Amino acid sequence: DEIGLIPCPEARYNRSPIVLVENKLGVESWCVKFLLPYVHNKLLLYRQRKQWLNKDELIDITCTLLLLNPDFTTAWNVRKELILSGTLNPLKDLHLGKLALTKFPKSPETWIHRRWVLQQLIQENSLPSLATKGNLGAAPVERIHRLVQEEMNVCSEAAGRYPSNYNAWSHRIWVLQHLAKLTVKVLLDELSSTKYWVSMHVSDHSGFHYRQFLLNSLIRRTVTDNNILVQNQLVNEQNPSLQKGEEGAGTEAACAEEQSVDLPHCLDEEMELCTELIDSYPGHETLWCHSDETLNNFHHSPATSHVAQAMDVDGLNESSSKQGYTQETKRLKRAPVQDSLGPEMEYRFVDKVLSTCRDVDQARFATAYRKWLVTFLGQ
Amino acid sequence: APFSRRSAYCAASVASLTNILTPTLFAGTAEWIARCQNWEGGIGGVPGMEAHGGYTFCGVAALVILKQEHLLNLRNLLHWVTGRQMRFEGGFQGRCNKLVDGCYSFWQAGLLPLLHRALHARGDPALSMAHWMFDQLALQEYILLCCQCPAGGLLDKPGKSRDFYHTCYCLSGLAIAQHFGSGDLHNEVVLGIPENCLQATHPVYNIAPEKVARAVMHFLQYPVPSLDPAS
């Protein structure tokens, strides 16, 4: 489940350089300068059609190459060909990638290949006949769910191995968008499962940024669901005699259920998390940025109907896809949210931090935050 | 789409310099780039992702070439990029809460001339006519004092080894920091001895401004090639 290089400049004993301990694979460093050129060369000769390799040899060679250098695109591409021709199980590549990431958590080619494999798997899923390669048994939905969960794990591990791992978090977002379709359930699940992780990595801006992405997706989701619900209601009012049938009732119920996302509560919890972490770990800019933006979202919670109208406000050049990212003027024009405890609590919090903290950076961030609060909220 | 901001910038650069820029070639590109501007104000790799110096420069420069900078929220972008200059080191970081890196001397600082021009075009009265909106001297200090390898070449930060990429972008950033504007408005701000002064670089293409002018003039002589297979 993990690979690594064992620093060992000379072969002292006449034995294999491969070390396997507790399911972790190690390779003594002295052998790499022989092994890598050898397999690299073999693969290139194959590609140049100067030397034939059968499928099994190809699988072995590419596997070895990629564990030594996962950014070797050609090797991943050979495996793509094997997958497309049906001789290689795509799940093996997910496993190979996972292993490579334990040593090379940023490897761009590994993440790119991973997304290709996942796309192949979802396409397979949508085919009516699913009896292939004995990796099924579960219903398509559950299969996707398991894939998503596994990807979340892989991303989490990789993020832990390298600070602010842009590629890992990018991938995580991609999976939510393309495999999990950004359902409310998955967004809420992710919020709760990453809460612990970000608390343990308070300077990891990417991690907190991910939470912003989750919150913003939830906000967007609620707005669309609200609109769908409103449209359905209008349709019903106009055609009371219309038979809705199972499907119609189903989607409405689903919308109603999804609508039970308590957005203000989520944002409130997020502010609480920020406050707690800022108190416990003084001087982390990331936490203050996160606080800024969460408060910003709090005051534009679309749980109120104001926002649906506010979205059309001002003929600004901005496209509607930038819902959460508005200009100062647009913010100030919006109607205030019912729960006005927000700003007062924030002022109290900031003042408390300023009077009790001894960390220079913390004081600076707190002062800037206070200034921002005054400009943004003060009237 | 499996198509990155870097490619968009490269394509736009080449197309504009060689006079093959047509509306159809980049249809939808500007909107797609703008969608990647996030709440932080910078631009990320894909919509929803964290703002990142490299992607932001490529995105903004491409938009400048396509004359569509107004699709971005320029104030948020300005707020984000100015926040990336490190108050102790003087150099720039690529993203919030990360370490300083010499190459961002260009990717981040290079955004300020672009923003200056865009805001000026809007008639913003608060713009300086002598300086960019970042601490030019502090950046020069970082590059000259911390990013030089004694054996020649430049690098990311002390302790790292030199490479061509960092040499290129540290020098590019230095040039940006030393030269404000051009023509009548040209203002040089050079740290240390006058010999430290580099030639100015074009903030969009990062090659000498005269070269940009010559390329454009040269290719303007030729018509835009058509895609008709017949002729």
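Everything here concerns the structure above.
Description of the structure in this document. Quick caveat, the model's predicted, so the values are computed rather than measured.

### Thoughts on the overall build of chain A
For step 1, the next point in the chain: Scanning chain A from terminus to terminus reveals 16 helices and three strands.
For step 2, the next point in the chain: A burial count over chain A gives 43% of its 379 residues as buried.
For step 3, the next point in the chain: The long-range share in chain A, meaning contacts at least 24 apart out of those at least 6 apart in sequence, stands at 62%.

### Some words on a nonpolar patch on the surface
Residues and elements named next belong to chain A.
For step 1, the next point in the chain: There is a patch of nonpolar side chains on the surface, built from Tyr 196, Met 200 and Tyr 281 and spanning about 360 Å² of accessible area.
For step 2, the next point in the chain: Within the secondary structure, Tyr 196 sits in helix α8 (residues 184–200).
For step 3, the next point in the chain: Assessed through its relative accessible area of 60%, Tyr 196 is described here as exposed.

### Some details on the pattern of salt bridges
Close approach of charged atoms allows side chains of opposite charge to pair.
Residue and element names in this part refer to chain A.
For step 1, the next point in the chain: Scanning the model with the defined rule gives 15 salt bridges over all chains in all.
For step 2, the next point in the chain: Of the charged contacts, one joins Arg 146 and Glu 142 as a salt bridge, the two residues approaching to 3.5 Å between their closest N and O atoms. A residue pair is termed a helical-turn pair when its members lie 3 or 4 positions apart in one helix, as Arg 146 and Glu 142 do in helix α6 (residues 140–161) at four residues.
For step 3, the next point in the chain: Ionic pairing is found between Asp 189 and Lys 185, a salt bridge with its closest N-O pair at 2.8 Å. Within this pair, Asp 189 and its partner Lys 185 are both found in helix α8, separated by four residues, close to a single helical turn.
For step 4, the next point in the chain: We classify Asp 189 as partly exposed; its relative accessible area is 34%.
For step 5, the next point in the chain: Residues participating in the shared-partner salt-bridge network are Asp 1, Glu 2, Lys 24, Glu 157 and Arg 161.

### Description of the pairing of strand β3 (residues 24–28) of chain A
Residue and element names in this part refer to chain A.
For step 1, the next point in the chain: Two elements, strand β1 (residues 2–6) and β3, share five bridges in a ladder whose sense is parallel. Each residue of the ladder has a partner; that of Gly 4, found in β3, is Gly 26.
For step 2, the next point in the chain: The sheet contact formed by strand β2 (residues 18–21) and β3 spans four bridges and is antiparallel. If you follow Ile 18 over to β3, its bridge partner there is Val 27.
For step 3, the next point in the chain: Linkage of β2 to β3, two consecutive antiparallel strands, is achieved through a turn of two residues, within which Glu 22 is found at a positive phi near 45°.

### Description of the interface of chain B and chain A
For step 1, the next point in the chain: Contacts between the two partners involve 26 residues from chain B and, on the opposite side, 28 residues from chain A.
For step 2, the next point in the chain: Taking both partners together, chain B and chain A bury about 2,200 Å²; carbon and sulfur atoms supply 52% of that area.
For step 3, the next point in the chain: Broken down residue by residue, the surface that chain B buries against chain A is led by Trp 39, Met 49 and Asn 97 of chain B, which jointly contribute 34%.
For step 4, the next point in the chain: Seen at the junction of chain B and chain A, the total is zero salt bridges.
For step 5, the next point in the chain: Scanning the region where chain B abuts chain A turns up nine residue pairs in polar contact (both at pLDDT 80 or more).
For step 6, the next point in the chain: In the side of chain B that touches chain A, the residues fall into nine nonpolar, 10 polar and seven charged.

### Considerations on the state of the cysteines
By definition, a disulfide links the sulfur atoms of two cysteines through a covalent bond.
Residues and elements named next belong to chain A.
For step 1, the next point in the chain: Scanning the model with the defined rule gives zero disulfides over all chains in all.
For step 2, the next point in the chain: Free of any disulfide, Cys 63 has its nearest neighbouring cysteine sulfur in Cys 31, separated by 14 Å.
For step 3, the next point in the chain: Overall, Cys 63 belongs to the partly exposed group, its relative accessible area being 25%.

### Details of the environment of Ile 143 of chain B
Residue and element names in this part refer to chain B.
For step 1, the next point in the chain: You can see Ile 143 is positioned in helix α7 (residues 136–146).
For step 2, the next point in the chain: Taking the C-alpha atoms as reference points, Ile 143 and Leu 171, 28 residues apart in sequence, are found 8.2 Å from one another.
For step 3, the next point in the chain: Not counting residues within four places of it along the chain, the set of residues in contact with Ile 143 comprises Ser 105, Gln 148, Leu 154, Cys 170, Gly 173 and Leu 174.

### Focus: the sheet that holds β3 of chain A
Residue and element names in this part refer to chain A.
For step 1, the next point in the chain: The strand order across the open sheet built from three strands is β1-β3-β2, with neighbouring strands paired in mixed fashion. Only two strands of the sheet have a single partner each, and these edge strands are β1 and β2. Within the sheet, the average angular offset between the axes of one strand and its neighbour, ignoring direction, is 25°.

### Side note on the packing of helix α7 (residues 166–178) of chain A against α8 of chain A
Residues and elements named next belong to chain A.
For step 1, the next point in the chain: Relative to each other, α7 and α8 sit at 160°, their axes nearing to 12 Å. Taken as axis vectors, α7 and α8 run roughly antiparallel relative to one another. In the crossing of α7 with α8, the sense of the turn from one axis to the other is right-handed. Only Val 186, Leu 187, Glu 190, Ser 193, Thr 194 and Trp 197 of α8 make contact with α7, whose side of the interface consists of Trp 169, Arg 172 and Leu 176.
For step 2, the next point in the chain: Across the contact of α7 with α8, the residue classes break down as five nonpolar, two polar and two charged.

What counts and what doesn't
- Residues numbered from 1 in each chain as written.
- Chains lettered and ligands numbered in written order.
- Predicted model: local features only at pLDDT ≥ 70, side-chain atom pairs only at ≥ 80, totals over all residues.
- Heavy atoms only, no water.
- Helix = DSSP H or I, 4+ residues; strand = E, 2+ residues; numbered from the N terminus.
- Buried < 20%, exposed > 50% of the residue type's maximum accessible area, 1.4 Å probe, protein only.
- Contact = heavy atoms within 4.5 Å.
- Patch = residues over 30% accessible without salt bridge, like charges linked within 9 Å, V, L, I, M, F, W, Y side chains within 5 Å.
- Areas by Shrake-Rupley, 256 points an atom, 1.4 Å probe, with all protein chains shown as cover.
- Salt bridge = Lys/Arg side-chain N within 4 Å of Asp/Glu carboxyl O.
- Pairing = 2+ DSSP bridges.
- Buried area = accessible area lost by both parts, 1.4 Å probe.
- Polar contact = N/O pair within 3.5 Å; in protein donor to acceptor, adjacent residues only side chain to side chain.
- Nonpolar A, V, L, I, M, F, W, Y, C, P; charged D, E, K, R; others polar.
- Disulfide = S-S within 2.5 Å.
- Axes fitted to C-alpha atoms, helices over the stretch in contact; angles between N-to-C directions.
- Parallel < 35°, antiparallel > 145°, perpendicular 65-115°, else oblique.
- Left-handed = near helix turned anticlockwise from the far one by under 90°.

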